[in-house]
Amino acid sequence: MAAKAGKEPVPRVSMPLDPPFAWSVGNWIEHFFDGMKEGKIRASKCPSCGRVYLPPRMICERCFSRADDWVELPVTGTVRACTKASVKVAENGDMVDLESPEIIAMVQHDGADTCIAGRLEADDASIGMKVEAVLNPKAENALDLLAGYRPAG
Ligand SMILES: [Zn+2]
């Protein structure tokens, strides 16, 4: 690209970055993960308005109170939204094609007022479908403690 008269082109440098980082999930999600290690689904509950959050939230989105009551929810829930994914994010951050599409569902657990996302092991999915969580309490990666969902029953 030609520079305009009297102006120099901006020098550009290309340099690969691979910054290591650690991310704290915070006390509420840590408590949620610890529960799944015991096979429990823990949700936070707002003591002021009673809204139940899964995944847990520290502050109630409705009344801004501290949602620091805890309730254990069943593994069962209902699909409220779903889609098929054909790619995933690899550990290095690249997008890679999946060998076969996966169903990603937003599941509202029985007793919860919010939804949590998870992979659904099923041939097909629909809104209103009853599902149950598949927990993997021995998972090394905390994100794998909730392995996904399968049709209930
Ligand atoms: Zn509230």
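Check the entry above for the structure.
Calculation rules
Residues numbered from 1 in each chain as written. Predicted model: local features only at pLDDT ≥ 70, side-chain atom pairs only at ≥ 80, totals over all residues. Heavy atoms only, no water. Helix = DSSP H or I, 4+ residues; strand = E, 2+ residues; numbered from the N terminus. Rg over C-alpha atoms; globule rule 2.2 N^0.38 Å. Contact = heavy atoms within 4.5 Å. Areas by Shrake-Rupley, 256 points an atom, 1.4 Å probe, with all protein chains shown as cover. Lys, Arg positive; Asp, Glu negative; His and termini not counted. Charge placed at Lys NZ, Arg CZ, Asp CG, Glu CD. Pairing = 2+ DSSP bridges. Buried < 20%, exposed > 50% of the residue type's maximum accessible area, 1.4 Å probe, protein only.

Student: Is there a simple way to explain the overall build of the protein in this structure?
Tutor: Scanning the protein for helices and strands turns up 1 helix and 8 strands. Starting at the N terminus and ending at the C terminus, the protein contains elements arranged as α-β-β-β-β-β-β-β-β. In summary, the protein has a C-alpha radius of gyration of 21 Å against a globular reference of 15 Å for 153 residues, an excess of more than 25%. Taking the principal axes of the C-alpha coordinates as reference, the protein spans close to 70 × 40 × 30 Å. Residue pairs at least 24 apart in sequence account for 47% of intrachain contacts in the protein once pairs closer than 6 positions are excluded. Carbon and sulfur atoms make up 52% of the accessible area of the protein, which amounts to about 10600 Å² in all. The positive charge centre, built from 18 side chains, and the negative charge centre, built from 22, are 7 Å apart in the protein.

Student: Can you walk me through the pairing of strand β4 (residues 76–89) in this structure?
Tutor: Relative to strand β7 (residues 130–135), β4 runs antiparallel, the two sharing 3 bridges. Bridge pairing in β7 places Gly77 opposite Val131. In this sheet, strand β5 (residues 95–109) lies alongside β4 in antiparallel orientation, the contact comprising 11 bridges. For Thr78, the partnering residue across the bridge sits in β5 and is Gln108.

Student: It is not clear to me how the environment of Asp68 should be interpreted in this structure. Could you clarify?
Tutor: Relative to the helices and strands, Asp68 is located in the loop between β2 (52–53) and β3 (69–73). Given the relative accessible area of 37%, Asp68 is considered partly exposed. Residues Asp68 and Cys46, 22 residues apart in the sequence, show an inter-C-alpha distance of 6.5 Å. When near neighbours in sequence (up to four residues on either side) are disregarded, Asp68 contacts Trp28, Lys45 and Pro47.

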